[in-house]
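One-letter residues, chain by chain:
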Amino acid sequence: MTRASAVFTIPAGQSFVDALAAGLLRRFAEHPEKLAAATVLLPTRRACRALQAAFLRASAGKPLLLPRLLPLGDLDPEELLFEASFLGGSGAEAELPPPISTVQRQLLLAACILTRSQASSADEGRPEMSEDQAIRLAAELARLMDQVETEGLDFSALQELVPEDYAAHWQITLEFLSIVTEVWPKILSDLGCLGPAERRRRLAELQAAAWQSDPPAEPVIAAGSTGSIPATAKLLKTVAGLPQGSVVLPGLDQESDAETWAEIHRDPGHPQHGMAQLLDRLGVERAAVRPWAEGGVPQVDPARADFANLALRPPQATASWKERAAGVERERYNKALQDVQRVDCADSGEEALVIALLLRREVEQPGSTAALVTPDRDLARRVATALQRWNIEVDDSAGRSLATTPPGVFLRLTAEMVAERFAPVALLAALKHPLAAGGQPPAAFRRAVRALERAVLRGARPAAGLEGLRQALADSGAGDDLKAWFANLADRLASFAGALEHGAGHLGALVEAHIAASEALAASDTESGDARLWAGEAGEAAAGFVAELREAAGSTPVSRSLHYPAALEALMAGRAVRPRYGLHPQVAILGPLEARLQHADLLLLGGLNEGTWPGEVDPGPWLSRPMQKDFGLPLPERRIGLSAHDFLQGFCAPKVYLTRAERVEGTPSVPARWLRRIDALCDGLG
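To start, this report covers the structure provided alongside it. (Residues numbered from 1 in each chain as written. Predicted model: local features only at pLDDT ≥ 70, side-chain atom pairs only at ≥ 80, totals over all residues. Heavy atoms only, no water.)

Here we look at the overall build of the chain
Right, on to step 1. Helix and strand counts for the chain come out as 28 helices and 15 strands.
Right, on to step 2. Taking 2.2 N^0.38 as the reference for a compact globule, 686 residues should give roughly 26 Å; the C-alpha atoms of the chain span a radius of gyration of 28 Å, in line with that estimate.
Right, on to step 3. The principal-axis extent of the C-alpha atoms belonging to the chain is close to 90 × 60 × 55 Å.
Right, on to step 4. Expressed as a percentage of the 686 residues in the chain, the buried residues total 51%.
Right, on to step 5. Looking at the chain alone, contacts between residues at least 24 apart form 78% of all its contacts between residues at least 6 apart.
Right, on to step 6. With the model as given, the accessible surface of the chain reaches about 30400 Å², and the carbon-plus-sulfur share is 51%.
Right, on to step 7. When the 70 basic and 87 acidic side-chain charges of the chain are each reduced to a single mean position, those positions are 4 Å apart. (Helix = DSSP H or I, 4+ residues; strand = E, 2+ residues; numbered from the N terminus. Rg over C-alpha atoms; globule rule 2.2 N^0.38 Å. Buried < 20%, exposed > 50% of the residue type's maximum accessible area, 1.4 Å probe, protein only. Contact = heavy atoms within 4.5 Å. Areas by Shrake-Rupley, 256 points an atom, 1.4 Å probe, with all protein chains shown as cover. Lys, Arg positive; Asp, Glu negative; His and termini not counted. Charge placed at Lys NZ, Arg CZ, Asp CG, Glu CD.)

Side note on the environment of Gln118
Right, on to step 1. With respect to the helices and strands, Gln118 occurs in helix α4 (residues 102-124).
Right, on to step 2. Note: C-alpha distance between Gln118 and Asp491 (373 residues apart in sequence) is 38 Å.

Brief notes about the nonpolar core
Right, on to step 1. Grouped together as the largest cluster of nonpolar side chains are 94 residues, with contacts concentrated most on Leu431 and Trp485.
Right, on to step 2. If you tally residues by element for this core, the top one is helix α20 (residues 480-502), at 9 residues.
Right, on to step 3. The residues touching Trp485, leaving out its near neighbours within four places in the chain, are Leu431, Gln440, Phe445, Ala448, Val449 and Leu452.
Right, on to step 4. Ala305, Ala308, Ala672 and Leu681 belong to the second-largest nonpolar core, a separate cluster that totals 37 residues. (Core = buried A, V, L, I, M, F, W, Y, C linked by side-chain atoms within 4.5 Å.)

Details of the sheet that holds strand β1 (residues 7-10)
Right, on to step 1. What the 6 strands build is an open sheet, ordered β3-β2-β4-β5-β1-β6; its pairing is parallel. Both edges of this open sheet fall to β3 (68-71) and β6 (290-291), since each of them pairs with a single strand only.
Right, on to step 2. Bridge count between strand β2 (residues 39-42) and β3: 4 bridges; the pairing is parallel. Residue pairing for β3: Val40 is matched across the bridge by Leu69. (Pairing = 2+ DSSP bridges.)

A short note on the pattern of salt bridges
Right, on to step 1. For the coordinates displayed, the defined rule picks out 29 salt bridges.
Right, on to step 2. For Glu501, the salt bridge identified is with Arg421, shortest N-O distance 3.4 Å. Placement of Glu501 in helix α20 and of Arg421 in the loop between α16 (406-419) and α17 (424-431) is noted, with a sequence separation of 80 residues between them.
Right, on to step 3. What makes Glu501 partly exposed here is its relative accessible area of 37%.
Right, on to step 4. The exposure class of Arg421 is partly exposed, given its relative accessible area of 39%. (Salt bridge = Lys/Arg side-chain N within 4 Å of Asp/Glu carboxyl O.)

Considering the state of the cysteines
Right, on to step 1. In total, this model carries 0 disulfides according to the counting rule given.
Right, on to step 2. Its sulfur unpaired, Cys345 is 19 Å from the next cysteine sulfur, which belongs to Cys682.
Right, on to step 3. Judged by its relative accessible area of 1%, Cys345 is buried.
Right, on to step 4. A relative accessible area of 33% places Cys682 in the partly exposed class. (Disulfide = S-S within 2.5 Å.)

Rendered as structure tokens:
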């Protein structure tokens, strides 16, 4: 049973981690050694690191025995990621099967999709789906499976949906989804594995059950989570019921009247909707929630949060705006909004440059910190590139896509080169990559590539394949040195070319031939190919991906129609590389979820356009909105509410810039709904 006195909140105008650290130090001031026995649950790993830094600030650099910090989730609000020690050594984790790897799941689902597609194509006379298309579709299906497993639903409930209630193409989709109701459970059973989201949900449920049956004697504090995942909400309820358990909510609105709060319950797009649902699950009245830290932590004028909550009220409750039109309210809000600036830029390039200049100016102040918060990956990349002009390597929480790193690009280019049978553009793109050396000094290798280009690639196009290039060299009258160089190059690539042209039988054999050719092409006169290709953080990430691919692809059959480069790119999608060292300590680029608990003197909320932040409400390719509702999945609008809460938390930072581009890729954009509501309230208040 939840103890109402165990639920607290930290207002949006306070640095969450600083207030949390100050409150913990105050609670354990008389017995600081007991702080080390406490456990603090936070939403992400980055939040754990931020709390460590907050403890350092609160203690003025003095050494402390910190509590155990564990992340409830890792970067994605739809996922949970627990430490192996989280179950307190109870051995419950060992009872669960291991999670299936991402690549293996994607390949197995793609095989199921291809089998079903081939059967339906034969019956209906449609062209068959290609394997790379099936791999991309498998990634979407895996996301649906994760969502269903996270919510604790059962795919067998799909059979209860009445196909006649939906359009014909949705009836076909329901039949197609028999893959996950009939075929997939048997595959997992044979492998002895669980889906990643299913396993994480079960771990959370096991932990909740363990704490309910045997409450820990040490304090447990769950902080910063909005409980949008059912398993997380159940765990928070368990923590709130522990003798020394506490739940600390981020930015709960305690000023709205009862009528407005009732409207918030009915509006999934409102920033406080998730908090209202969580309080219902905890069985706690909003009035019973207490402030966590009474003082000692700087707080932005509470009128800022009051203004934001007023602006973002549900439409049915905006009539109260007239009540706030008195002069005293205008003065309060004018004062509270002095450090909030709005910047509308002409296009995305200008927005990125403005943000980079503001970040640079802020970090030139000793000890000052700044962060860009945006879900727009293109804007984040532009800003990071602009900051490099001033030798500022920014910490981007989302990292860099593996497919765009030098090893990832090199693997994709070598695959394209061979798949296109050494066409001139694909050939030169691969051979002019910085990692290409062909057993020679890189500079000498590039001179030979330029000689090959001049000799045979600037006139009539050679015949396809290595033999076509060899014949073109012979006809061009090139010197023996260039011919010997090309013979060495052809030897390094011949095995992969043969496997891709004549068929390798299994994807594993094709991957082995590709990696062997890539390492042979990357080798220099002083370093082996594997030493050059898999070096550094990007190389380590690429090596991890290749190892997982090798293990998963060993028994996957391939057809002659496989477009291997597209399949490789589809499997590589979503992989991120995050630098560990050499980053600027005062500046960061954060996603909205991660920024919720971070501390920064200047916060820039960028990309505030409809379709970007908030993102488009897309139900996905598998289930329509009515089907999702009937199945029991939360409506996509819930994501709008979570994004709105993250926006409101950022809006209440000490210094804030709100930025957007009026045109994105030449197309006029629409300001985010929150900006339009703020504009309307400002106009209404004069």
